[in-house]
Structures are given as structure tokens and as C-alpha cells.
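Coordinate analysis (summary)
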Amino acid sequence: MKILVINCGSSSLKYQLINSDTEEALSVGICERIGIDGRLNHTPAGREKVVIEENMENHEVAVKVVLDALVNESYGVIKSLNEINAIGHRVVHGGEHFASSVIIDQEVIETIEDCNELAPLHNPANLIGIRACHAIMPDIPNVAVFDTAFHQTMPSRAYMYGLPYEYYAKYKIRRYGFHGTSHSYVSKRTMDILGLPRDNSKIIVCHLGNGASVSAVLNGESVDTSMGLTPLEGLIMGTRCGDIDPAIINHIANTEGKSIEEIMSVLNKESGVYGLSGGISSDFRDLQKETIHGSTKAKQAIDVFCYRVAKYIGSYAAAMNGADAITFTAGLGENDRKIRTQISSYLGYLGAEMDETKNQVQAEEAVLSTDDSKVKLLIVPTNEELAIARETTALL
Ligand code: ADP
């Protein structure tokens, strides 16, 4: 089967056309600057990237541009749209309504809409993508795969905040967690690679990208994760602050005269390693380079980041009474061996020992720990698009 995977952001639309039998991506691409002007970067597998400049006033137009590219005579990858069997959509927030992926119907659309308040930047964009696909290809099934679904197995002791109960009862304020498709995919691969039985496994997944989160996966189910009601909580990220004392917000409001909206923008867009480094970069490659050139701020940003990851690993080992494996994934987890080394340097007490020769690899599945390390350290490259295609195929 051929599955089109769509990931709509507020002004972008990423897609992959995946052959679910071979699990190969036939084509990958991204529409950018939707609503401004519009550009599609389209890369058919094994061929040169094609850049298509075309006005995209909204996501429906962007979907049409993508579909045209897929069937284009010179750079297309299919002869007709009839070859597409289904469309899998990434949806950021499913609230407490969705613990797994679902085939989309009108009721599902309305329920996703009910969750808009919980993810005001993401869910409306996801819905625009769903509606656009439905309008253009009404006969093809659409499937929603939620970032939050995998974490719906968390027990209430992990998802409740220490706030008045009525906030949960009235507004569903609780920890939801994100990157669920990635945590699910990576924890399953870790079990396969190590031959761990699903019903007797303790895995800590460190998804370290620009957005970053850690999860505790006990017997195949998420029992805790570091992101919360929104993706702002938990680890220090590229530009997000992660955990802070909530009283800081009041303090900044009083001292800098900033509004809540302005402060939230600082916490989301100007903090994390970017803010900590004094604005050097949110990209760890730049920070590592600056550290080599002697920047103490860049070094400190990396130190704070790694220390926070190590603290979360420790708390999740406590939550599960141990760990069989700690798996690194996403841009940084897959590629930056120095970060993996630095995080692992805190884990001796757990019995996790890095083999630095094995740790030289990047972006491939690998066990990185010494042969007698009690807790295994791994890299599993995440593949959220493939996971969405698999979910979509399974539902059909
Ligand atoms: P997101 O999907 O959340 O935008 P990614 O998973 O792409 O983020 O991760 C981005 C981070 O990964 C950046 O900080 C970047 O520096 C880091 N990264 C990506 N490739 C490499 C690499 N080859 N070496 C070191 N770090 C890398």
C-alpha cells in the first residue's frame, strides 16, 4: 500500500509518501511559507531535490501542490492519485480522548477541535490539513496519529499536577506528554534489538532534538514523560526553558514590566540553550564549536542541558525501580556523541557504562554500552513518519 503521511504546522506542511510493504519513502518534502508566498521542496527517492515556487494561500492549496508534484511526469513518483491508499496525519494533541490512532470521521474532527485550547498553535493547523485532504480526495481514508496518545497509559500519580483539583476537573489541566509516536517507535525497536520481552522491560527513551523529552516505558507502556500540558515542561531545549520555578513568571512581570504573552514567548522562543548561551545558537553543532573555541557560556548551556537529562533519567529509573536500557534518539541523541558521553558520565551508579569505541557511530541503530554494562545504552534513529504510516496501515 502507498500511504501519504502529512504533518501540518502553522505555516508549513511536511509530507512523505511511504510504500508500506517495503517501508521505503518514495518521496519526501516540505511546503514552507504557506499564507505568505509558498515554496515546495520535493525530493523523489534517489533523485535530485526539486524546488517548486508556487503561491500557497492556504493549506488546501499546499496539499494540491504536493499532490501535483507526486504525479508530475518528470519528478513525480506515482502515475495517478488512485495509487494512494490512505493518508496518515500527525495530530499534536488528543487530550484524554485518544489513547490510540483512529480513522477520521466527523465526530473525530469535532473531538480534535475540542482539544484546540490545549494546543492552540498546533491542532488548528493539523485540522486544516485533514480538511484539505478530505476536500481534495474525499474517498481516501484519513487516519489521525496523536503525539499524546502513547502517554495516555500514564498513571494519575504521574500525570496530576499539585494544583487545585478543580483545574483538572474543569479544564483537564494535567500532564499529557508529546513525541509519543517517537517514544513508542524507539522503545519497541529497543526491545527488538535487545530481545527484551514486552511484558518484562524497563526502557528510558531520550528524544533529544530541538524539542526534547524523556519517557519511562515499563512493559511497553509509557508510565511517565517529561513534557506536560504543553511541550514547554521538562528538559532544557533549543529555545524552550523546560522546568522552572513558576514564581519566576511573576518576578519577570514585575521587574521587566512584561505581559504574560511576552513572557511565554521568552520561555518558548528565547530560552533553552539559546538563551543560556547568551544567544549564541539553539543548534548544538554551533554550541560545540564555540565550546572548542573557549566559550564558557556555550559550555555552560551544554552542561545544564546534560545535567537535566541525567536528572530525568535518574527519576525514571526510580519510577520503574531500575532500567534495562537507555536509548538516545532524534537529531542530537542520534548524532552528537559528546552529548551522549556527557549524559552517560552521570549514570555509573545505575550500572550503565559507555564503550567510547562503539559510541563513535551516528544516525544508525547501535548498542553503545560495554558488553558487561548492566544497563544497555543504545541509539535508535527515530522515524515518526514511518511510525505514522504503520499505524495507518494497521487501522486499514
Ligand atoms: P526537531 O525535529 O525537534 O526540530 P531535530 O531532531 O532535528 O529537532 O534535532 C535538532 C538538533 O540536533 C540540533 O540541535 C542539531 O544541532 C542536532 N544535530 C543534528 N544533526 C547533528 C549532527 N550531525 N551532529 C550534532 N548534532 C546534530
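An account of the accompanying structure is given in this report. Being a predicted model, the structure only gives us computed values, none of them experimental. (Residues numbered from 1 in each chain as written. Predicted model: local features only at pLDDT ≥ 70, side-chain atom pairs only at ≥ 80, totals over all residues. Heavy atoms only, no water.)

With respect to the helices and strands, the residue Arg340 is situated in helix H13 (residues 337-344). With no salt bridge to any partner, buried Arg340 finds its closest opposite charge in Asp336, at an N-O distance of 6.9 Å. Among the polar contacts listed, one links the side chain of Arg340 to the backbone oxygen of Val361, at a separation of 2.9 Å. (Helix = DSSP H or I, 4+ residues; strand = E, 2+ residues; numbered from the N terminus. Buried < 20%, exposed > 50% of the residue type's maximum accessible area, 1.4 Å probe, protein only. Lys, Arg positive; Asp, Glu negative; His and termini not counted. Salt bridge = Lys/Arg side-chain N within 4 Å of Asp/Glu carboxyl O. Polar contact = N/O pair within 3.5 Å; in protein donor to acceptor, adjacent residues only side chain to side chain.)

Okay, the sheet that holds strand E14 (residues 376-379) next. Spatially, the six strands line up as an open sheet ordered E11-E10-E9-E12-E14-E13, and their pairing is mixed. Strands at the two margins of the open sheet, each flanked by one partner only, are strand E11 (221-225) and strand E13 (366-367). By the bridge criterion, four bridges tie strand E12 (residues 325-329) to E14 in an arrangement that is parallel. The partner of Phe328 across the bridge, within E14, is Ile379. Its contacts with the sheet put helix H6 (residues 180-194) on strand E9 (202-208), strand E10 (212-218), E11, E12, E13 and E14, and the angle it makes with E9 is roughly 130 degrees. Contacting E9, E10, E11 and E12, helix H11 (residues 296-320) runs over the sheet at an angle of about 160 degrees to E9. (Pairing = 2+ DSSP bridges. Contact = heavy atoms within 4.5 Å. Axes fitted to C-alpha atoms, helices over the stretch in contact; angles between N-to-C directions.)

On the surface, a nonpolar cluster with roughly 300 Å² of combined accessible area is contributed by Met1, Ile103, Leu395 and Leu396. Considering the arrangement of structural elements, one finds Leu395 in helix H14 (residues 384-395). Owing to a relative accessible area of 33%, Leu395 belongs among the partly exposed residues under this scheme. (Patch = residues over 30% accessible without salt bridge, like charges linked within 9 Å, V, L, I, M, F, W, Y side chains within 5 Å. Areas by Shrake-Rupley, 256 points an atom, 1.4 Å probe, with all protein chains shown as cover.)

We now examine helix H1 (residues 59-71). In a regular helix each residue adds 1.5 Å, so 13 residues correspond to 18 Å; H1 covers 19 Å between its end C-alpha atoms and thus fits that length. Taken together, the buried positions of H1 are occupied by His59, Ala62, Val63, Val65, Val66, Leu67, Ala69 and Leu70. The inward-facing, buried residues of H1 abut strand E1 (2-8), strand E2 (13-19), strand E3 (24-32), strand E4 (39-44), strand E5 (50-53) and helix H3 (123-136). At the N-terminal end of H1, a side-chain oxygen is found 3.1 Å from the backbone nitrogen of Glu60, two or three residues along, and the residue is Asn58. (Expected span 1.5 Å × (residues − 1).)

Let us now look at the site of the ligand. Near the ligand there are 13 residues, and of these Asn210, Gly211, Asp283, Phe284 and Gly331 occur at the shortest range. Arg285 is positioned such that a nitrogen or oxygen atom in its backbone is 3.4 Å from an oxygen atom of the ligand. Considering the ligand on its own, with 580 Å² of exposed area, one finds that the protein chains cover 65% of that surface. Elements that contribute at least two residues to the shell around the ligand include exactly helix H10 (284-292) and helix H12 (330-335). Each residue belonging to the shell around the ligand can be placed in one class, and the counts come to three nonpolar, seven polar and three charged. (Near = heavy atom within 4 Å. Nonpolar A, V, L, I, M, F, W, Y, C, P; charged D, E, K, R; others polar.)

Within the secondary structure, Gln152 sits in the loop between strand E8 (142-146) and helix H4 (156-159). The class of Gln152 is buried, set by a relative accessible area of 18%. Other than its neighbours up to four places away in sequence, Gln152 contacts Gly95, Glu96, Phe98, Ala99, Arg174 and Tyr176.

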